[in-house]
Amino acid sequence: MPERTLERICYVEDDEDIQRIVRLSLERVGKMTVKIVTDPMTALGAMTDFKPDLVMLDWMMPGMDGPTLFREMKKRPELAGLPVVFITAKAAQRDLDELKTLGAAGTISKPFSPKDLPEQLRAIWAKFS
């Protein structure tokens, strides 16, 4: 059975520059469809509507940080099984270990290479598909 391709990504990020870099990287290089959500407070509804294959969460955001949003996703049956990748520059190793224990699919450190990002995500995705 062929593995399912990674096509739809929901990215929750408040920084416009990073949003632009990620969108260009994933859409142009990775040939993926990207839904950017700027407000973590509306992200759960956006994920439910968009039905992504994978979710990328920024670690630090105003209103609700990525780890809190991840825990909220786990409470919703329609979102609980989605692979989640954190993009972070600041997380301590113990925080990353805790999120792995909760079921996070992986992490990508900032700064990252836009040309390598699609392949990094596909490698994480391959473990789940």
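Structure shown above.
Because the structure is a prediction, the values reported are computed rather than measured.

A.B. asks: Can you tell me about the overall build of the protein chain, naming the residues and giving the values?
C.D. replies: Scanning the protein chain from N- to C-terminus turns up 5 helices and 5 strands. Along the protein chain, from the amino end to the carboxyl end, the secondary structure elements read β-α-β-α-β-α-β-α-β-α. Dimensions of the protein chain, computed from the C-alpha atoms along their principal axes, are close to 35 × 35 × 30 Å. Counting over 129 residues, the protein chain shows a buried share of 45%. Taking all contacts inside the protein chain whose residues are at least 6 apart in sequence as the whole, residues at least 24 apart take part in 64%. When the accessible surface of the protein chain is summed, it comes to about 7,000 Å², and 53% of that surface belongs to carbon and sulfur atoms. On the protein chain, the mean spot of the 19 positive side-chain charges and the mean spot of the 20 negative ones are 3 Å from each other.

A.B. asks: So what about the pairing of strand β2 (residues 33-37)? Which residues, and what values?
C.D. replies: A regular strand carries its side chains on alternate faces of the sheet. Sheet analysis places strand β1 (residues 8-12) next to β2, joined by 5 bridges and oriented parallel. Paired with Tyr-11 across the strands is Ile-36, a residue of β2. Tracing the backbone out of β1, into helix α1 (residues 16-29) and back to the parallel element β2 gives a crossover that is right-handed.

A.B. asks: Kindly report on the nonpolar core, identifying the contributing residues and their values.
C.D. replies: In a soluble, globular protein the nonpolar side chains are often hidden away together inside. By size, the foremost hydrophobic cluster in this structure holds 24 residues, and its most contacted members are Val-12, Met-47, Val-55, Leu-57, Leu-69, Met-73 and Phe-86. If you list the elements that add at least two residues to this core, you get β1, α2 (40-50), β3 (54-58), α3 (66-74), β4 (84-88) and α4 (93-102). Among the elements that take part in this core, α2 stands out by supplying 5 residues, more than any other. Apart from residues lying up to four places away in sequence, Phe-86 is in contact with Leu-57, Trp-59, Gly-66, Pro-67, Phe-70, Leu-99, Ala-104, Gly-106, Thr-107 and Ile-108.

A.B. asks: Hey, could you go over the packing of α2 against α3 for me, with residue numbers and the actual values?
C.D. replies: Look at α2 against α3: their axes get within 10 Å of each other, and the N-to-C directions meet at 35 degrees. In the crossing of α2 with α3, the sense of the turn from one axis to the other is right-handed. Packed against α2, whose contacting residues are Pro-40, Ala-43, Leu-44 and Met-47, the element α3 presents Leu-69, Glu-72 and Met-73 at the interface. In terms of residue class, the contact of α2 with α3 is built from 6 nonpolar, no polar and 1 charged.

About the criteria used
- Within each chain, residues carry numbers counting from 1 in the order of the written sequence.
- Where totals are concerned, whole chains, interfaces and linings use all residues; where local detail is concerned, this predicted model gives features only for residues with pLDDT of at least 70, and gives and counts side-chain atom pairs only at 80 or more.
- Excluded from the side-chain calculation are hydrogens and water; included are all heavy atoms of the structure.
- To qualify as a helix, a DSSP run of H or I must reach at least 4 residues; to qualify as a strand, a run of E must reach at least 2; elements of each kind are numbered from the N terminus.
- Exposure is judged per residue with a 1.4 Å probe applied to protein chains only, and the accessible area is read against the type maximum: over 50% gives exposed, under 20% gives buried, and values in between give partly exposed.
- By definition, residues are in contact when any of their heavy atoms lie within 4.5 Å.
- Note that accessible areas follow from Shrake-Rupley with a 1.4 Å probe, and for residues the cover is restricted to the protein chains shown.
- In this tally, Lys and Arg are treated as positive and Asp and Glu as negative; His is ignored, and so are the chain termini.
- Where a charge sits is defined by one atom per residue type, namely NZ (Lys), CZ (Arg), CG (Asp) or CD (Glu).
- Pairing between two strands is assigned when DSSP locates at least 2 bridges connecting them.
- When the strands point away from the viewer and the path from the first strand over the helix to the second turns clockwise, the crossover is right-handed.
- By nonpolar core is meant a set of buried Ala, Val, Leu, Ile, Met, Phe, Trp, Tyr and Cys residues that side-chain atoms within 4.5 Å join together.
- In this analysis an axis means a line fitted to C-alpha atoms, helices contributing only their contacting stretch, and an angle means the value between N-to-C directions, from 0 to 180 degrees.
- Two helices crossing with the near one rotated counterclockwise from the far one by less than a right angle form a left-handed crossing, whereas a clockwise rotation gives a right-handed crossing.
- Residue type decides the class: Asp, Glu, Lys and Arg count as charged, Ala, Val, Leu, Ile, Met, Phe, Trp, Tyr, Cys and Pro as nonpolar, and the leftover types, Gly among them, as polar.

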